[in-house]
Amino acid sequence: MPLIAFTGNRFLADETLRDTLRARGLDARSLPRVAGEDVTADALGPHLSPGLFGDGGVIVDLEGVKPDKALLELLAGASVTVAVLDESPPATRLKVYEGRGEVVPSPAPAKTGDVAGWVTTRAKKAKLPLDRDASLYLAEVFGSDLAGIAGELNKLALLDGPFTREAVQRVVGREPPGDSFAMLGAATTGRPGEAVTQLRRLLASGEDPFKLMGAVVWQYSLVARCVALQQEGGRVTEQVAAQRLGVKPYPAKKALEVARRLNEAKIRTHLGRILDADLAMKRGLDAGVALERLIVQLSV
């Protein structure tokens, strides 16, 4: 009988396990599930042989468990279907799974846009009239917590649609986390309201004000260097900026977007204001007040 290892995102792997077993005539809810300290040869032994009615099965959850070679061989040689949940198996275990059974990976979306796409696809399967902005809102609020998103979609299924961003936000009742790059982007385009909103979200989510100031200093140092690159002449692409600044493409892209709206005089003024705010915070002025004042100053 097969050994099937389900790897990748835990929530998705668990769902895939249930669907795969169902397609093979097994109900995951009726199978014994062994996890934690119970993942031993003695505890698993009784579940690895067929019952009176033919093929049985067992689900083995390896979260927090480091099975030895003997236990893996025991599972691989079972006379029933053995479904193993193993989120990130090392190469040695993966080799056993591939050699003695099969591996069913469940990679998770990582970027916000990819998570939003996953939400949209899941909503369509459930026939939920969820619009694109609502999917993006859920991705922004929950990030990689796919189980949390699925729970919210289950709640929406009990309500009447259509589900716009505003409608879903009323149901979920959570604000998206702040984005420091979005905060600076709004500030440099003269949108102080949006910039301050981003700052307040960051502070409300528990971000340390001094770490936020450190982020502003770092990001504006990138912006200043991008302004200098642009003054050298020639077209400055994200790839060129990333290479010259020695950073990854994403922060280079964001810094370049801000730099394109500034010149040397403007960036010097902004850097002076950042220095004043940094000194004020270190001298004991309320950090949140100092940051908010700075963000407004960067917006004018």
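Residues numbered from 1 in each chain as written. Predicted model: local features only at pLDDT ≥ 70, side-chain atom pairs only at ≥ 80, totals over all residues. Heavy atoms only, no water.

1. Comments concerning the overall build of the protein
- Within the protein, the secondary structure is distributed over 15 helices and 5 strands.
- At 26 Å, the protein has a C-alpha radius of gyration far larger than the 19 Å of a compact globule built from 300 residues.
- Taken along the three principal axes of its C-alpha coordinates, the protein extends 80 × 45 × 45 Å.
- Looking at the protein as a whole, 42% of its 300 residues are labelled buried.
- Within the structure as shown, the protein displays about 16,300 Å² of accessible surface, and the carbon and sulfur contribution to it stands at 52%.
- With 39 positive and 37 negative side-chain charges, the protein shows a spacing of 7 Å between the two charge centroids. (Helix = DSSP H or I, 4+ residues; strand = E, 2+ residues; numbered from the N terminus. Rg over C-alpha atoms; globule rule 2.2 N^0.38 Å. Buried < 20%, exposed > 50% of the residue type's maximum accessible area, 1.4 Å probe, protein only. Areas by Shrake-Rupley, 256 points an atom, 1.4 Å probe, with all protein chains shown as cover. Lys, Arg positive; Asp, Glu negative; His and termini not counted. Charge placed at Lys NZ, Arg CZ, Asp CG, Glu CD.)

2. So, unusual backbone geometry
- The backbone of Lys127 sits at a positive phi, close to 60 degrees, despite the residue not being glycine.
- Along the chain, Lys127 turns up in the loop between α5 (112-125) and α6 (132-142).

3. Things to note about the pairing of strand β1 (residues 3-8)
- Among the 6 residues in β1, 5 count as buried, and that is most of the element.
- Looking at chain direction, β1 and strand β4 (residues 81-85) are connected through 4 bridges and run parallel. Each bridged residue has a counterpart across the sheet, and for Ala5 the counterpart in β4 is Val84.
- Sheet analysis places β1 next to strand β5 (residues 102-106), joined by 5 bridges and oriented parallel. Note that in β5 the partner of Thr7 across the bridge is Pro105. (Pairing = 2+ DSSP bridges.)

4. Examining the confidence of the model for the protein
- For the protein, the average pLDDT comes to 87, and 97% of its residues sit at 70 or higher.
- Put simply, helix α9 (residues 180-188) is where the protein has its lowest mean pLDDT, 77, and β1 is where it has its highest, 94. (pLDDT = per-residue confidence, 0-100.)

5. Examining the nonpolar core
- Of all hydrophobic cores here, the largest spans 38 residues; its most connected members are Met183, Tyr220, Val223, Ile295 and Leu298.
- Where this core is concerned, the elements lending two or more residues are α9, α10 (192-204), α11 (209-231), α12 (238-245), α13 (249-259), α14 (264-282) and α15 (287-298).
- Looking at which element gives the most residues to this core, the answer is α11, with 9 residues.
- Excluding anything up to four places from it in sequence, Val223 contacts Ala255, Val258, Ala259, Leu262 and Ile267. (Core = buried A, V, L, I, M, F, W, Y, C linked by side-chain atoms within 4.5 Å. Contact = heavy atoms within 4.5 Å.)

6. A word on the packing of α5 against α6
- Where α5 meets α6, the axes come as close as 8 Å, and the angle between the chain directions of the two elements is 125 degrees. When the interaxial angle is binned, α5 and α6 end up oblique. The element α5 and its partner α6 pack so that their crossing is right-handed. Where α5 abuts α6, its residues Thr112, Val115, Ala116, Val119 and Thr120 lie against Ser135, Leu136, Leu138, Ala139 and Glu140.
- Of the residues that constitute the contact of α5 with α6, the class distribution is 6 nonpolar, 3 polar and 1 charged. (Axes fitted to C-alpha atoms, helices over the stretch in contact; angles between N-to-C directions. Parallel < 35°, antiparallel > 145°, perpendicular 65-115°, else oblique. Left-handed = near helix turned anticlockwise from the far one by under 90°. Nonpolar A, V, L, I, M, F, W, Y, C, P; charged D, E, K, R; others polar.)

7. Quick notes on the side chain of Ser135
- Turning to its location among the elements, Ser135 is positioned in helix α6.
- Polar contacts involving the side chain of Ser135 include one to the side chain of Thr120, which spans 3.0 Å. (Polar contact = N/O pair within 3.5 Å; in protein donor to acceptor, adjacent residues only side chain to side chain.)

8. What about α5?
- Across its 14 residues, α5 extends 20 Å between first and last C-alpha, which sits within 8% of the 20 Å expected from 1.5 Å per residue.
- Residues Val115, Ala116, Trp118, Val119 and Ala123 constitute the buried set of α5. The arc that holds the buried residues of α5, viewed along the axis, is 160 degrees, so those residues lie on one side. Pointing more than 90 degrees away from the buried face of α5 are the exposed residues Gly113, Lys124 and Lys125.
- At its buried positions, α5 is contacted by α1 (10-23), α6 and α7 (146-156).
- In the stretch just after α5, Lys127 is the one whose phi turns positive, near 60 degrees. (Expected span 1.5 Å × (residues − 1). Arc of directions from axis to C-beta.)

9. Some remarks on the pattern of salt bridges
- All chains considered together, the criterion is met by 19 salt bridges.
- For Arg33, the salt bridge identified is with Asp14, shortest N-O distance 3.1 Å. Placement of the pair is Arg33 in strand β2 (residues 33-35) and Asp14 in helix α1, with a sequence separation of 19 residues.
- Exposure remark for Asp14: the relative accessible area of 16% places this residue in the buried category.
- A salt bridge links Glu73 to Arg100, with the shortest nitrogen-to-oxygen separation between them at 2.4 Å. Here Glu73 is found in helix α3 (residues 69-76), whereas its partner Arg100 is found in helix α4 (residues 91-100), with 27 residues between them in sequence.
- It is possible to trace a salt-bridge network through shared partners that takes in Arg10, Asp14, Arg18, Arg33, Asp61 and Glu63. (Salt bridge = Lys/Arg side-chain N within 4 Å of Asp/Glu carboxyl O.)

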